[in-house]
Amino acid sequence: MPIFSCEEAINEFEALTRDAGRVQQDTLKRILELNANAEYLNHFGLNGRTDVQSYKSCIPLCVHSDLEPYIQRIADGDSSPLLTGEPITSLSLSSGTTQGKPKFVPFTDELLENTLQISQTSYAFRNREYPIGKGKKALQFVYSSKQVETKGGIHATTATTNLYKRPRYKEGMKDMQTQCCSPDEVVFGPDFNQSLYCHLLYGLIYSEEIQQVFAPFAHSLVGAFQRFEEVWEDLCADIRDGVLSEKITVPSIREAVAKILKPNPELADSIQKKCMGLSNWYGVIPALWPNAKYVYGIMTGSMEPYLKKLRHYAGQLPLISADYGASEGWVGANINPTVPPEQVTYAVLPQTGYFEFIPLEQPKAEEMENSASIHYIESDPVGLTEVEIGKIYEVVMTTFGGLYRYRLGDVVKIAGFHNSTPELQFICRRSLVLSINIDKNTEKDLQLAVEEAAKLLEAEKVEIMDFTSSIEKSSDPGRYVIFWELSPDANEDVLQSCANCLDLAFLDAGYLGSRKIKTIGPLELRILKKGTFKEILDHFLTLGGAVSQFKTPRFVNPLNIKVLQILKSNTTKSYLSTAYGL
């Protein structure tokens, strides 16, 4: 493999984005040529044509359920060209945290190459601002998941595991100076808690060499350092004595750690002194990893609620939001790494897939400040270079892996252009979170409501550790239920005020009207035992998921009975809103 050059990566990106329209046409042509004999394409009469007009006129917009019959046939062992020209040998599993059931997504070598391309592009821009020295290491909180074999003998696992199992990916990341300080035995360890402990241990042993701290999602970073608060003294003891804790029982992990763990009282004393000198763990990351340049991971969308806590741990270190993609494929790279995560934009790489954008417009009567209402009027999709600054769209992608005119369900705003490719600002997932009748609220609406109510906790120095929601339809009328895990506990009056505040913070016209005429009941705030969301994570892991893929579900579907049981069994207090009267 040629040595990676940041300058060359930036030059290539600039060349591709200067003529993004032409690159898009070439990309679509290549996708359709490679998959010309795919059953799905020919079912709609494309018959080998590769031009944009024929493609859009023949192939309809689709969602995952439209492709499920084809993907199920692949999983069952049908090796005929169903979605792609070549057989699909690997499947990725989505998280499935909301519905309780993961979905299969095709994983191909092209997706691997796209991952490397987008990683190289963002790294090049990142490295220009925050240079990483040669031969340095990264403290990465990454974890594999179990690999299952479908009925037809196809390997299925998370997208993260699919990547980390491929030597091509590992070599490419190593070439970019983003080598994980932990060995494969830790990354692929069967027990998440033991792997996390050893990630921290390796990070401390190589503390002087660590120049970046990474996890796929912000919540994984927060969770790692919350765990560090609990086990730092054990880690110090391991380093001081050169003996790994007996709590680590996986033989392969113990064997790997034994190769590098030697008695080091000086390092242990240094770590202990630094930890003891911290005020409520503020700035623990730069204190223990003094050469770290930044903290990196996905920090937009459902990850935004973790930013406050992550900034607490990171101190003055920059937080850089990672690239924009999904299990289905990649969309854009963060080429402006100095921008705070709340304002980050993503430049679309026109060679990684074919992109369309469905214009979305809110009816005038329903426009209201701070609402992320789902009420949109749709227009016909437009191409990558036809979008307009300031307008909002739903992203549609066509991938090399057989996802055609696939609606991602993401709402984005066009923040500007880099050359001729747009820079996208992620707004929210379009899918409904909370709805009982005519009310329609998204994940963003929920986040805004929680942020508003959280202001009432600040004076009490109480923190919302995590939150989710559901709907309760067993009562008449139905109502919204918001679940909070707090630290420390708050008093009764404050929590009652929070319930009222949450109820008033949902600004969707359908919700406001329904509450006033009492066709939706009072919102209920339920307080959970500490550790409840850890229990939900553990449940997710039993389904074969990976921590690096897990996202706290912001809405728990009533059909997801197991997670609802966990929430209900861990509820300690409940408060019904009185905001609209009893």
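Whatever comes next refers back to the structure up there.
First things first, this report covers the structure right here in the doc. Everything numeric here is computed off the predicted structure, so don't read it as measured data.

What to know about the state of the cysteines
And step 1. Using the criterion set out here, one finds zero disulfides in the structure.
And step 2. With no disulfide of its own, Cys-498 lies 6.9 Å from the sulfur of Cys-501, the closest cysteine sulfur.
And step 3. Overall, Cys-498 belongs to the buried group, its relative accessible area being 0%.

So, the environment of Gly-383
And step 1. With respect to the element layout, Gly-383 can be found in strand β15 (residues 382–383).
And step 2. In this structure the C-alpha to C-alpha distance between Gly-383 and Arg-168, which are 215 residues apart in sequence, comes to 32 Å.
And step 3. Sequence-distant contacts of Gly-383, defined by excluding residues within four places in its chain, comprise Lys-56, Phe-355 and Phe-357.

Focus: the packing of helix α6 (residues 109–129) against helix α8 (residues 167–175)
And step 1. Closest axis-to-axis distance for the α6/α8 pair is 10 Å, and the angle between their directions is 5°. With respect to each other, α6 and α8 are oriented roughly parallel. Here Leu-112, Glu-113, Thr-115, Leu-116 and Ser-119 of α6 lie close against α8, whose contacting residues are Arg-168, Tyr-169, Gly-172 and Met-173.

Overview of the packing of aromatic side chains
And step 1. A full pass over the atoms with the stated rule returns 21 aromatic pairs.
And step 2. Centre to centre, the rings of Tyr-143 and Phe-192 are 5.0 Å apart; their planes meet at 75°, and the pair counts as edge-to-face. Here Tyr-143, found in the loop between β3 (137–140) and β4 (148–149), pairs with Phe-192, found in helix α10 (residues 192–205); they are 49 residues apart in sequence, far enough to count as distant.
And step 3. In this structure Tyr-143 comes out as buried when scored by relative accessible area, which is 5%.
And step 4. The exposure class assigned to Phe-192 is buried, which follows from its relative accessible area of 15%.
And step 5. Plain terms: the ring middles of Phe-214 and Tyr-296 are 5.7 Å apart, the flat faces sit at 35° to each other, and that makes the pair tilted. In this pair, Phe-214 is assigned in strand β7 (residues 210–217) and Tyr-296 in strand β8 (residues 294–298), connecting sequence segments 82 residues apart.
And step 6. A connected cluster of aromatic rings, assembled from ring pairs, spans Tyr-40, Phe-44, Tyr-70 and Tyr-404.
And step 7. A cation sits over an aromatic face here: Arg-126 above Tyr-296, 3.9 Å from the ring centre.
And step 8. For Lys-137, the ring lying beneath its charged end belongs to Tyr-206, and the centroid distance is 4.9 Å.

Calculation criteria
- Residues numbered from 1 in each chain as written.
- Predicted model: local features only at pLDDT ≥ 70, side-chain atom pairs only at ≥ 80, totals over all residues.
- Heavy atoms only, no water.
- Disulfide = S-S within 2.5 Å.
- Buried < 20%, exposed > 50% of the residue type's maximum accessible area, 1.4 Å probe, protein only.
- Helix = DSSP H or I, 4+ residues; strand = E, 2+ residues; numbered from the N terminus.
- Contact = heavy atoms within 4.5 Å.
- Axes fitted to C-alpha atoms, helices over the stretch in contact; angles between N-to-C directions.
- Parallel < 35°, antiparallel > 145°, perpendicular 65-115°, else oblique.
- Phe/Tyr/Trp six-rings, centres within 6.5 Å; stacked < 30°, edge-to-face > 60°.
- Lys NZ or Arg CZ within 6 Å of the ring centre and 35° of its normal.

It is worth stressing that arrangement in space is one thing and function is another; only the former is reported here.
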